[in-house]
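Remarks on the overall topology
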Amino acid sequence: MVRLTRVEQQARTRAAVLAAAREEFAEHGFGPARVDRIAERAELTRGAVYSNFPSKRALYLAVLIDLVGKGSGEPLATVSPTSRLDALGVFARVWLERLPLVGDSAPGGRLQLRSLDGVFDDEHGPAVLAQVARLEALLLALALERGAPGRRVRLAELVLTMLDGAGHRAETSPGFGDPFDVAHACRHLATIDLEDTWAPPHLPYVAPARTCADPWTAPSGLVDVISGESVAVTDGLVVVLGAGRLGAAEEAVRSAKPGEQVVVAVVTGDPEETGRLVRLRVTDVVACLRRVFAAEPWRHVRLVLDDDAVMASAIGLTDVGDETESAVSVRAGVIVGRAHGRGAGHAAGARKREAMP
């Protein structure tokens, strides 16, 4: 009999806990689920469950992340839709595949919907979700803006709002409505003129980035969530944002020079719960986007879920949390500008532009 290494045994235990938890949540839902029953299903002790996941909420989020990961094997798009109408119609159909079928159990349907109803009963979770929603809208907007002038974030927000509403309706009133009608409606949202502009009122008052000439060592081992490729920064804009400041990612993207690489690294003071919440929502929307759009809309954007604060440490941060907002501009392997606080991405991006010949 082959003796498992400690790492292999830990991986097996974790997999057993996830499988048992998925069965428990699918049968009972999040609220009524019990860690004792999960441990019993996995033939483990309650302590073994908690040694891998510090809370039932962290375990539920891990189950949903695993569920999204197992569904990410669908073929990726090699060619993007030629019009926004078609793009939104296809994106909506892909997103709506999560809707449960009539006859599915209510708890199982909520699991398939990635439902977070009742999971966060404090103010922090919804506040983070609002910031994640802004990041999701930015990623969809960048695809919709491809090859055409104009900002499309408000359009993306409207589409995602409609789809989230369809998911909530499916959760509270199973079988109501036709998902094909929802997809058709999303498609035609592209015809609405929302007069979308980019002029945040606080940006003129943001302190300029501090000029410097600090050595830069690009961290290794980081992966872009969007492309799945490794991230190596020798030139560009690096922005580190806490989970409560993700909406500021657009400031960095808009301030960058066309084609300039922008790396957004997401950090949190609570990787087990807040970090998993961000990972769930980001990987979920990216999986949908990559099935609809080829990779080119995000070539200049890299998104890193910096759970271990590796990128944060590389730019000089020693303490990160959900309100972190810092940025550096890198040119030819040297940090030429630093900015911290509200508007840091915009400030560092503006410094980057000024430093270019």
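See the structure above.
What counts, and at which threshold
- Residues numbered from 1 in each chain as written.
- Predicted model: local features only at pLDDT ≥ 70, side-chain atom pairs only at ≥ 80, totals over all residues.
- Heavy atoms only, no water.
- Disulfide = S-S within 2.5 Å.
- Buried < 20%, exposed > 50% of the residue type's maximum accessible area, 1.4 Å probe, protein only.
- Axes fitted to C-alpha atoms, helices over the stretch in contact; angles between N-to-C directions.
- Helix = DSSP H or I, 4+ residues; strand = E, 2+ residues; numbered from the N terminus.
- Parallel < 35°, antiparallel > 145°, perpendicular 65-115°, else oblique.
- Left-handed = near helix turned anticlockwise from the far one by under 90°.
- Contact = heavy atoms within 4.5 Å.
- Phe/Tyr/Trp six-rings, centres within 6.5 Å; stacked < 30°, edge-to-face > 60°.
- Lys NZ or Arg CZ within 6 Å of the ring centre and 35° of its normal.
- Salt bridge = Lys/Arg side-chain N within 4 Å of Asp/Glu carboxyl O.
- Pairing = 2+ DSSP bridges.

**Structural notes on the state of the cysteines**
- For the coordinates displayed, the defined rule picks out zero disulfides.
- You can see Cys186 has no disulfide; the closest cysteine sulfur is in Cys288, sitting 12 Å from it.
- For Cys186, a relative accessible area of 0% translates into the label buried.

**Overview of the packing of helix H7 (residues 124-144) against helix H8 (residues 153-172)**
- Between H7 and H8, the shortest axis-to-axis distance is 8 Å and the interhelical angle comes to 120°. The orientation of H7 with respect to H8, classified from their angle, is oblique. Crossing of H7 against H8: the hand is right-handed. Of the residues in H8, those touching H7 at Glu136, Ala137, Leu140, Ala141 and Leu144 are Val153, Leu155, Ala156, Glu157, Val159 and Leu160.

**What to know about the packing of aromatic side chains**
- Evaluation of the coordinates by the stated rule reveals four aromatic pairs.
- Summarising the aromatic geometry, the rings of Phe293 and Trp298 are spaced 6.2 Å apart at their centres and angled 90° between planes, so their arrangement reads as edge-to-face.
- Exposure remark for Trp298: the relative accessible area of 2% places this residue in the buried category.
- Taken together through their ring pairs, the aromatic side chains of Phe25, Phe30 and Tyr60 make up a single cluster.
- Lying across the ring of Trp95, Arg98 places its NZ or CZ 4.1 Å from the centre.
- It is Arg169 that lies over the ring of Phe176; its NZ or CZ is 5.0 Å from the centre.

**Comments concerning the pattern of salt bridges**
- In this structure the tally under the stated criterion is 25 salt bridges.
- Across the salt bridge formed by Glu272 and Arg276, the nearest N and O atoms sit 2.5 Å from each other. Here Arg276 and Glu272 lie together in helix H11 (residues 271-292), a separation of four residues that amounts to about one turn.
- For Arg276, a relative accessible area of 12% corresponds to the buried category.
- If you follow the salt bridges from partner to partner, you end up with Glu23, Glu24, Glu27, Arg37 and Arg41 in one network.

**Some thoughts on the pairing of strand S2 (residues 236-242)**
- For S2, the buried fraction is high: seven of the seven residues fall into the buried class.
- The pairing of S2 with strand S3 (residues 262-267) spans six bridges and is parallel. Bridging from a neighbouring strand, Val238 pairs with Val263 of S3.

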